[in-house]
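Spelled out, the chains give:
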Amino acid sequence: MSGAFQPVEFHGSPRPTIGIEWEIALVDKVTRDLSNTASAVFDAVGDLRAHDGTQQVTKELLRNTVELVTGVHETVGSAVEDLHTTMDAVRRAADPLGVDLFCAGTHPFAAWSAQQLTRSPHYDELIERTQWWGRQMLIWGVHVHVGVSHRDKVFPILNSLLLSYPHLLALSASSPMWSGDDTGYASNRALMFQQLPTAGLPFQFENWRQFEGFVHDQMKTGVFEQLGGMHWDIRPAPKWGTIEVRVCDGLSSRAELAAVAALIHCLIVDLDQRLCDGEDLPTLPPWHVQENKWRAARYGLDAIVIVDDASNERLVTDDLDDLLTRLEPTAKRLGCAAELASVADIPRHGASYQRQRRVAAATQGDMVAVVDALVRELDQ
């Protein structure tokens, strides 16, 4: 990396606030195929804004998608309630158009070639650069922002958070189907998305200065023109003073969204506190992080994951049980004890990828029935 470069200002958050972005797909009420009606939905919803001025319904790359965005919240419960209110407004707008809402990492049978793109300079440039892979991005996810007070904390927390990457992906995995076929993966989305040149796992920088050098080099060489063009699975969001976790597939129900958001909130706040207490946070070598991502994408809640730099392994659900116990005091402080406890319900009832496969098996592979089930789950 070159020597002299412009600093990247991190506008630290004085409190560990939380914000959530939930990508929602639009599907036809009859055919259950994707519906390219986002523009009409936006027109009907109007300019919906949160208490802090945040625009709560925003456009995405494809015109079959709306993104629900919260304002800045102190608790997971209030953030999820914010999303629920926005969801009601979007549903009222979509219903007269013959459109339902659902969320999963992928649509079980839709054809990518039939989808219309949202026109904007950013999206036009993305497609021009990435071509076939960019057009293939028929995927949905959840992004969770958690406030961090100072830039010097960002990469120690981010690097250690990668130990929990497979847990988050396995819990949220909801993309087993692609173009009418079962891919054999719990999260096909995770591996699709990393084909974009600026997506995938983050680099494990030692400090903020190294990150600034990286940003300088990427901008000088035209890899991206703004930080928003860096699509890492976990990334700093300097403008907001947050760490943004983008690991998760689209979460199929409100209850699962609350559970996983609580886990992310607790993980980051716990790591922040341990850092403040003088602890050297644990990390994994990049090759173990990469392998864990693949195992969680392939096997979901049955993944055997690497849990430390000594290459020890555990079943992800066994490690998750211990993690939830350790985070209980943090959850109480953050007011999300009930939501964190509900994380354990996901392995008990089956993650979305498992539920989708159960519906497909019970209906002799009827992918319309799988979408029906996802539509019903959204408010649960």
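The protein is annotated in an unreviewed UniProt entry as Putative glutamate--cysteine ligase 2 from Nocardia lasii. According to UniProt, the comment filed for the protein under the heading Function (unreviewed entry) is "ATP-dependent carboxylate-amine ligase which exhibits weak glutamate--cysteine ligase activity." The annotation that UniProt attaches to the protein under Catalytic activity (unreviewed entry) is "L-cysteine + L-glutamate + ATP = gamma-L-glutamyl-L-cysteine + ADP + phosphate + H(+)".

A.B. asks: Help me understand the nonpolar core in this model?
C.D. replies: Across soluble globular proteins, nonpolar side chains show a tendency to be buried alongside one another. The biggest cluster of nonpolar side chains holds 95 residues, and the ones touching the most others in it are W22, V66, F211 and L263. Examining the composition of this core, we find that 13 residues originate from one element, helix α8 (residues 254–276), more than from any other. Setting aside chain neighbours within four positions, we find L263 in contact with L168, L171, L320, L323, L324, L327, L340 and V343.

A.B. asks: Where do I start with the side chain of S172 in this structure?
C.D. replies: Residue placement: S172 occurs in helix α5 (residues 165–172). Only 3.2 Å separates the side chain of S172 from the backbone nitrogen of D249, close enough to count as a polar contact. If near-sequence neighbours (up to four positions away) are discounted, S172 is found in contact with C248, D249, G250 and L251.

A.B. asks: Got a minute to help me understand the packing of helix α4 (residues 151–161) against helix α7 (residues 208–220) in this structure?
C.D. replies: A pair of packed helices is captured by two measures, namely the crossing angle of their axes and the spacing between those axes. Where α4 meets α7, the closest approach of the two axes is 8 Å, and the angle between their N-to-C directions is 90 degrees. One finds that α4 runs roughly perpendicular with respect to α7. The segment α4 lies against α7, with R151, D152, V154 and F155 engaging W208, F211 and E212.

A.B. asks: How should I be thinking about the pairing of strand β10 (residues 234–237) in this particular structure?
C.D. replies: Remember that side chains alternate between the two faces of the sheet whenever the strand is regular. On β10, burial covers both faces: I234 and P236 on one face and R235 and A237 on the other are all buried. The pairing of β10 with strand β11 (residues 242–245) spans 4 bridges and is antiparallel. By the bridge assignment for β11, R235 is matched with E244. Counting the residues that bridge the hairpin from β10 to β11 gives 4 residues, and of these G241 lies at a positive phi of roughly 70 degrees.

A.B. asks: Any chance you could explain the side chain of H265 here in plain terms?
C.D. replies: On the secondary structure map, H265 appears in helix α8. Apart from residues no more than four positions distant in its own chain, H265 is found in contact with P16, T17, I18, E74, V76, V146 and L334.

A.B. asks: Looking at this model, I keep getting lost on the pattern of salt bridges. Mind explaining?
C.D. replies: Close approach of charged atoms lets side chains of opposite charge pair. Within the structure shown, the criterion is met by 27 salt bridges. One salt bridge in this structure joins R357 and D182, with 2.8 Å as the shortest N-O distance. On the criterion of sequence distance, the pair formed by R357 in helix α13 (residues 352–362) and D182 in strand β7 (residues 181–182) is long-range, its members being 175 residues apart. R314 is paired through a salt bridge with D322; the nearest N and O atoms lie 2.8 Å apart. Take D322: its relative accessible area is 44%, and that puts it in the partly exposed class. Salt bridges linked by common partners bring K29, R32, D95, D100 and D372 together as one network.

A.B. asks: Would you mind showing me how to read helix α9 (residues 286–299) here?
C.D. replies: Given 3.6 residues per helical turn, the α-helix brings residues three or four places apart onto the same face. Given a rise of 1.5 Å per residue, 14 residues ought to cover 20 Å, and the 20 Å separating the end C-alpha atoms of α9 matches this to within 8%. Turning to α9, its buried residues number three or more, namely H288, V289, N292, K293, R295, A296 and A297. Structurally, α9 contributes buried residues whose contacts are with α5, α6 (188–193), β8 (199–200), β12 (304–306) and β13 (313–315). Positive phi appears at G300, one or two residues downstream of α9, with a value of about 60 degrees.

Conventions used here
- Residues numbered from 1 in each chain as written.
- Predicted model: local features only at pLDDT ≥ 70, side-chain atom pairs only at ≥ 80, totals over all residues.
- Heavy atoms only, no water.
- UniProt positions renumbered as here; feature names shortened; annotations may be inferred.
- Core = buried A, V, L, I, M, F, W, Y, C linked by side-chain atoms within 4.5 Å.
- Buried < 20%, exposed > 50% of the residue type's maximum accessible area, 1.4 Å probe, protein only.
- Helix = DSSP H or I, 4+ residues; strand = E, 2+ residues; numbered from the N terminus.
- Contact = heavy atoms within 4.5 Å.
- Polar contact = N/O pair within 3.5 Å; in protein donor to acceptor, adjacent residues only side chain to side chain.
- Axes fitted to C-alpha atoms, helices over the stretch in contact; angles between N-to-C directions.
- Parallel < 35°, antiparallel > 145°, perpendicular 65-115°, else oblique.
- Pairing = 2+ DSSP bridges.
- Salt bridge = Lys/Arg side-chain N within 4 Å of Asp/Glu carboxyl O.
- Expected span 1.5 Å × (residues − 1).

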